[in-house]
Amino acid sequence: MIPTRTLWKNGPDVGSVGLGCMGMTWAYKADEHTETPDRVIGHALDLGVNFIDTADVYGPFTNEEVVGKSLGSRRDEVTLATKGGLESHIGDAGEPIISGPNGHPDHLRSAIDDSLRRLGVDHVDLYYLHRPDPNVPVEDSIGAMAEMVAAGKVRALGVSEFSVEQLDQAQAIHPISAVQSELSLWTRDHLTTSLAWTVANGAAFVPFSPLGRGFLTGTFRGDAPAADDFRSRLPRFNEENLDANLVIVDAIAGVAEELGATPAQVALAWVLAQGDHVVPIPGTRRTSRLDENAGAASVILTDAQLATLDALPPPAGSRY
């Protein structure tokens, strides 16, 4: 079984690597290695990977249904997180389109009820505001979410991609138990901002895309994503930036060779080394990758290896 971490101060103990479920229904192209969500989620629970992350916008609206059905009778084995506060729709070509944030209290009240129905549960353990809404005061959004806690629909509150100022505003209304933001060896913006805030406030830090959307594993060495893959539209994955960013992949591969580990495990081990309250949620649709990701929890980087990875240059290209 995977080693555990306490998710936030006095919070639940969870596997030190979680599972992000977005890619099971959205954004990434399936291939011949893709396994069914119920098989992947069932195997995750067998490993002790019991921190499961989804959102209403993924699909849109189908991911929560898939996760709920896959959990089945094993609901009590997981710390279940979902998110609300983004709007999406299906475009003319059948593609999912995120319209933008909606943190209005009425929208959030409706969103949590819809999420619970799709998941087939009476509560979630962690409910995030998916993004801050520039048109709605943070206090109004978090106030509506605090009502969900009082009603027993939600056990704890989180936020995603918040600035430190916004985190302080939210914390003044209700304790924020978890902050989810992108963190990896090619996205280190939050190390001195929201990550530091979580240390000071006893909250969990939950990195999404801790493998750089798969790039840090070496998967895209010389090969750009397919045109119908979400990553093909991201600047860091265009041909010019892909080649420039291989220096990061090569350094990770070098450390992996020293340790007898895989590049993915080294990339995750670096994320885990950023604090005992850090629980990354890499996504996968393959049980073999689950085994690999869970194994990262046992990979210990030396001070010299951490220094090598910390010194890597920033990636070429913006996140979006």
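It should be noted that the structure appears before, not after, this text.
For clarity, every value in this text was computed on a predicted model and none was experimentally measured.

Procedures and definitions
- Residues numbered from 1 in each chain as written.
- Predicted model: local features only at pLDDT ≥ 70, side-chain atom pairs only at ≥ 80, totals over all residues.
- Heavy atoms only, no water.
- Axes fitted to C-alpha atoms, helices over the stretch in contact; angles between N-to-C directions.
- Helix = DSSP H or I, 4+ residues; strand = E, 2+ residues; numbered from the N terminus.
- Parallel < 35°, antiparallel > 145°, perpendicular 65-115°, else oblique.
- Contact = heavy atoms within 4.5 Å.
- Nonpolar A, V, L, I, M, F, W, Y, C, P; charged D, E, K, R; others polar.
- Core = buried A, V, L, I, M, F, W, Y, C linked by side-chain atoms within 4.5 Å.
- Buried < 20%, exposed > 50% of the residue type's maximum accessible area, 1.4 Å probe, protein only.
- Left-handed = near helix turned anticlockwise from the far one by under 90°.
- Salt bridge = Lys/Arg side-chain N within 4 Å of Asp/Glu carboxyl O.
- Pairing = 2+ DSSP bridges.

Caption draft 1: Spatial organisation of the packing of helix H2 (residues 63-71) against helix H3 (residues 105-119). At a minimum axis distance of 7 Å, the contact between H2 and H3 shows a crossing angle of 40°. Here H3 runs oblique to H2, going by the angle between their axes. Within the contact between the two elements, H2 uses Glu64, Glu65, Val67 and Gly68 and H3 uses Ser115, Arg118 and Leu119. In terms of residue class, the contact of H2 with H3 is built from two nonpolar, two polar and three charged.

Caption draft 2: Focus on the nonpolar core. Grouped together as the largest cluster of nonpolar side chains are 77 residues, with contacts concentrated most on Leu19, Leu80, Val124, Phe215 and Leu309. Those residues in contact with Phe215, other than ones at most four positions away along the chain, are Trp186, Phe220, Phe237, Leu242, Asn245, Leu246 and Val249.

Caption draft 3: The arrangement of the packing of helix H1 (residues 37-47) against H2 in detail. Where H1 meets H2, the closest approach of the two axes is 9 Å, and the angle between their N-to-C directions is 55°. Between H1 and H2, the angle falls in the class oblique. In terms of crossing hand, the pair formed by H1 and H2 is right-handed. Residues Pro37, Asp38, Ile41 and Leu45 of H1 touch H2, and the partners they reach there are Val66, Val67, Ser70 and Leu71.

Caption draft 4: Representation of the pattern of salt bridges within the structure. A complete count under the given rule lists twelve salt bridges for this structure. Here Arg74 makes a salt bridge to Glu77, at a shortest N to O gap of 2.9 Å. Exposure remark for Arg74: the relative accessible area of 22% places this residue in the partly exposed category. Here Glu77 falls in the partly exposed class, since its relative accessible area comes to 39%. Notably, a salt bridge pairs Arg109 with Asp106, separated by 2.8 Å at the nearest N-O pair.

Caption draft 5: Structural context of the pairing of strand E11 (residues 204-208). Counting buried residues along E11, five of its five residues qualify, which places the element largely inside the surrounding structure. Of the pairings in the sheet, the one linking strand E10 (residues 176-182) to E11 comprises five bridges and is parallel in character. Looking across to E11, one finds that Val179 is bridged to Phe205.

Caption draft 6: Region of the structure containing the sheet that holds strand E4 (residues 51-53). A sheet is described by the order of its strands in space; here seven strands give the open sequence E3-E4-E5-E8-E9-E10-E11, paired in parallel fashion. Single-partner strands in this sheet number two, and they are strand E3 (19-20) and E11. In this sheet, strand E5 (residues 79-84) lies alongside E4 in parallel orientation, the contact comprising three bridges. Bridge pairing links Asp53 to Ala81 in E5. Here helix H4 (residues 138-150) sits on the sheet and contacts strand E8 (126-129), strand E9 (157-160) and E10; the angle it forms with E9, its principal contact strand, is near 145°.

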